[in-house]
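Coordinate inspection notes
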Amino acid sequence: MNFDLINPSSRSLYTSALTPPEGFTFDSAVVTSFSAQLDFLLEAPVHIALTSTNSSEIKRDPLRIMDSVRRYSDRITVFYQRGRMLGPKNKNVLYSLLEPMCHEVTLPKGGVFHPKIWLIRFKSQSGTTEKSHIRFVVLSRNLTHDQSWDLILQLESFHQKKANKTNVPLINFIDTLPTLTLDPVDKEKLDQIKTIRNELQYVDWNLPPHFENIKFHFPGIEGLDWKPVQSERGLIISPFCRQRAIEMLLKRIEEPVGLISRFDSFAELNTQLVNKFTQVYYLNPDLEEDKSDSREVGTDTHGLHAKVYILENKIGRRYNTHLLVGSANATNAALVQRSNIEVLVELIGNRHYTGGIDQILGKDSLGEYLLELNEETKPESDAVKDDLDKLFNEARHLITKANWELSFEENKTENRWHLKLEGTPNSINNSISIHAWPVTLEENSAINVNHLKDDEGIQWHNLALTHLTKFIAFRVSLQGTDQQLSLVLLVPSKYEFPSGREAAIIQSCIKDKNSFIRYLLFLLDDDESASGKLQTILHGDSTYGVGRSSMENLPVLEELVRISSRNPERLKDVRKLIEKLKESKESSSILSERFLRLWSAFE
């Protein structure tokens with residue numbers, strides 16, 4: 001029998017989870033992660049846009065990239081641990097459009113917010129049915145460009161008339177999310193979350209082959225913890241391990257068959273405990289695709305990152321396999337103290353059909369990629385590295401607890417802005433240097449914040465309106481080393497940014513009247529035109545007697561009327577765009593009087 005419990009030769013791109021099923025389009029998503037990266041978050045809306053059009057030009061068209069971020073960031077809500085947004089590689093004014101999408105989380109017990117899931121709602125493309133499609137994706141990886149060895153479980157839903165009690169823990173988890181954020185989640189996002197939450201009551205899941213049952217666990221949330229089933233045999237796959245957590249797991253396992261971890265993680269475990277496992281492995285370093293030695297602290301660019309627990313127990317004459325995947329490492333914070341919030345999804349099936357531990361460790365599965373740990377190869381603790389990590393973690397803690405606040409002032413004569421950052425990063429170690437800068441500016445604009453006081457702040461002067469942002473990057477450097485730590489905080493502002501800021505960002509991409517008409521036609525194009533006329537126009541082809549220089553002469557009203565009868569939902573995007581652009585002081589350079597008269601008549 002060919003078992004496919006975990007297939008390491010089956011690779012999946014992270015963004016493939018965003019591709020809608022046939023006959024559906026993306027509607028909204030709730031996402032959780034420990035860490036995130038602004039560059040990565042920019043890519044998700046672009047990929048969603050790619051799945052909804054036949055055009056492959058989006059990635060090369062600044063207008064379409066901007067449009068993807070502007071439209072789809074309103075439909076995605078991301079919850080992540082405060083202080084764990086990685087610093088961006090380059091400046092980008094589009095980062096500011098991600099602000100409504102991002103919500104920082106802190107936990108009262110000192111643990112971290114660590115679950116990694118996507119809950120995605122797709123809506124019917126044809127409109128012939130009101131039923132949606134829910135996809136649940138549980139991961140071990142974060143919203144970053146890491147190249148680690150991770151695991152993805154993707155479940156597709158189907159509707160049923162009866163309420164599904166199996167989903168109650170998942171629903172309770174979704175209900176908890178808005179209560180954990182530092183800033184309130186706005187009403188539109190809450191409504192999207194509520195829609196997904198309510199539909200979860202009446203969906204069941206298409207499980208992987210031969211699995212019969214599913215359970216959802218959320219360690220760290222009262223009443224949703226995971227208690228391992230008492231098992232005859234067990235296998236633990238965890239990149240990070242701690243003594244007490246392994247001891248707790250072994251109390252539930254009669255025969256500890258295997259332990260797989262990162263090589264350096266075994267330094268945290270005593271030899272006596274490790275020897276209780278029949279087989280102990282680490283990932284073969286020769287198989288790593290990325291062996292770059294990054295100076296950046298706190299990133300997992302390679303190595304084992306998947307968390308898996310496989311337990312086998314006997315009921316009567318039958319052996320069941322319990323496969324658990326998710327975010328929880330075999331650490332004290334995750335499984336013993338439960339100060340973290342984690343996610344584990346448990347799949348249960350007959351071992352005769354699903355396979356089990358022996359198949360996982362076989363040469364046809366993970367066994368091919370593993371090396372056995374022995375006394376000669378067991379690593380020693382790296383005291384220097386531990387001290388460095390401690391210093392950087394202390395710096396991260398100081399930065400996240402510094403009560404940062406932004407304010408701004410306009411220089412009306414020059415139409416420029418001054419952005420001010422205030423905060424109290426107290427008791428910084430003298431060997432550490434901390435610099436800050438807005439992510440919309442180059443890193444060379446960073447200013448030292450080591451000695452800020454309550455009544456002081458640092459300022460960036462003569463900024464364009466597009467440079468005002470709540471995303472502030474911090475760089476931590478340690479004297480005597482080339483190691484550094486970067487992170488981004490979503491810093492609150494004393495008052496709302498000017499209403500024309502989003503319009504200015506949009507305008508920085510559109511630039512002139514012809515570009516606006518081209519962008520408008522893109523918004524109105526539904527890929528159903530048999531002649532492909534709009535696609536041709538969008539590329540500036542004059543086949544139809546229309547070039548870019550004369551775009552304002554196009555029959556825009558015809559297209560507005562056509563889309564209002566075929567797909568009136570699209571007009572909401574047009575209306576929102578025009579309202580935003582009107583907020584800009586320079587809107588006349590994009591919105592001509594002729595077009596505004598046409599739009600007024602159409603409305």
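Summary of the structure given here.

1. Here's the deal with the overall build of the protein chain
Scanning the protein chain from terminus to terminus reveals 16 helices and 24 strands. Scored against the burial criterion, the 603 residues of the protein chain give a buried share of 55%. Long-range pairs, those at least 24 residues apart, make up 74% of the contacts in the protein chain between residues at least 6 apart in sequence. When the accessible surface of the protein chain is split by element, carbon and sulfur atoms take 46% of a total near 27600 Å².

2. Quick notes on the side chain of Gln507
Residue position: Gln507 is located in helix H11 (residues 501–510). By relative accessible area, which is 11% here, Gln507 ends up buried. A distance of 3.1 Å separates polar atoms of two side chains, one belonging to Gln507 and the other to Ser589. If we skip the residues at most four places from it in the chain, Gln507 touches Leu581, Ser584, Glu586, Ser587, Ser589 and Ile590.

3. A closer look at the environment of Ala163
Tracing the chain through its elements places Ala163 in the loop between strand E8 (152–159) and helix H3 (168–176). With relative accessibility at 48%, the residue Ala163 sits in the partly exposed group. C-alpha of Ala163 to C-alpha of Tyr202: the two residues are 39 residues apart in sequence and 4.9 Å apart in space. Non-local contacts of Ala163, meaning those with residues more than four positions away in its chain, are made with Gln201 and Tyr202.

4. Looking at the sheet that holds strand E7 (residues 133–139)
Spatially, the seven strands line up as an open sheet ordered E5-E3-E1-E6-E7-E8-E9, and their pairing is mixed. Looking at which strands have only one partner, the edges of the open sheet turn out to be strand E5 (102–105) and strand E9 (203–206). With strand direction ignored, the average angle separating the axes of adjacent strands in the sheet is 25 degrees. In the packing of H3 onto the sheet, contacts are made with strand E1 (24–33), strand E6 (117–124), E7 and E9, and the angle to E6 comes to roughly 100 degrees.

5. Considerations on the nonpolar core
Among the nonpolar cores identified, the biggest contains 99 residues, and Leu98, Trp118, Trp404, Leu421, Phe471, Phe474 and Phe516 are the most heavily contacted of them. No other element matches the eight residues that helix H12 (residues 513–524) contributes to this core. Within the second largest apolar cluster, 53 residues are counted, among which are Phe136, Val138, Trp149 and Trp205.

6. Considering the sheet that holds strand E22 (residues 458–463)
Strand order in the open sheet formed by three strands is E18-E19-E22, and the pairing between neighbours is antiparallel. The open sheet is flanked by strand E18 (405–411) and E22, the only strands paired with a single partner. Sheet twist, expressed as the mean angle between neighbouring strand axes with direction ignored, is 15 degrees. Where strand E19 (residues 416–422) lies against E22, four bridges are found, and the strand directions are antiparallel. Following the sheet pairing, Leu419 is matched in E22 by Trp460.

7. Remarks on the side chain of Thr466
Tracing the backbone shows Thr466 in the loop between E22 and strand E23 (471–478). With a relative accessible area of 11%, Thr466 lands in the buried category. Leaving out residues up to four positions away in the same chain, Thr466 has contacts with Val93, Thr440, Ala504, Ile505 and Ser508.

8. Structural notes on the packing of helix H2 (residues 62–72) against H11
Between H2 and H11, the shortest axis-to-axis distance is 8 Å and the interhelical angle comes to 155 degrees. Relative to H11, the element H2 is oriented roughly antiparallel. Contacts from Pro62, Leu63, Met66 and Arg70 of H2 reach H11 at Glu502, Ile506, Cys509 and Ile510. For the contact of H2 with H11, the class distribution of residues is six nonpolar, no polar and two charged.

9. Points about the packing of H12 against helix H14 (residues 556–566)
For the pair H12 and H14, the least separation of the axes is 10 Å and the interaxial angle reads 20 degrees. Regarding the angle of H12 to H14, the classification is roughly parallel. As H12 runs across H14, the sense of the crossing is left-handed. For the pair H12 and H14, contact is made by Ile517, Leu520, Leu521 and Leu524 and by Val556, Glu559, Leu560, Arg562 and Ile563, respectively.

Calculation notes
Numbering of residues begins from 1 in every chain and follows the order in which that chain's sequence is written. It should be noted that, the model being predicted, local features are given only for residues of pLDDT at least 70 and side-chain atom pairs only at 80 or more, the latter also being counted only at that level, while totals for whole chains, interfaces and linings use all residues. Derived side-chain values reflect all non-hydrogen atoms in the structure, with water molecules and hydrogen atoms excluded from consideration. Secondary structure elements follow DSSP: runs of H or I of four or more residues count as helices, runs of E of two or more count as strands, with numbering from the N terminus. Three labels apply to residues, based on accessible area from a 1.4 Å probe with only protein chains included: buried if under 20% of the type maximum, exposed if over 50%, partly exposed otherwise in between. Here, residues are in contact when the closest pair of their heavy atoms is within 4.5 Å. Per-residue and other accessible areas were derived by the Shrake-Rupley procedure at a 1.4 Å probe size, with only the shown protein chains allowed to occlude residues. Throughout this description, a polar contact denotes any pair of N or O atoms lying within 3.5 Å of each other; where both atoms belong to protein, one of them has to be capable of donating a hydrogen while the other can accept it, and for residues adjacent in sequence the pair is counted only when both atoms sit in side chains. The pairing criterion for strands is at least two bridges between them, as found by DSSP. Lines fitted to the C-alpha atoms define the axes, with helices restricted to the stretch that makes contact. Angles between their N-to-C directions range from 0 to 180 degrees. Side-chain atoms within 4.5 Å link the members of a nonpolar core, which is a set of buried Ala, Val, Leu, Ile, Met, Phe, Trp, Tyr and Cys residues. Angle categories are assigned with fixed cut-offs, so that under 35 degrees is roughly parallel, over 145 is roughly antiparallel, 65 to 115 is roughly perpendicular, and the rest are oblique. For this scheme, ten residues count as nonpolar: Ala, Val, Leu, Ile, Met, Phe, Trp, Tyr, Cys and Pro. Four count as charged, namely Asp, Glu, Lys and Arg, and the remainder, Gly too, count as polar. Working rule for handedness: look at the near helix, and if it is turned counterclockwise from the far one by less than a right angle, call the crossing left-handed; if clockwise, right-handed.

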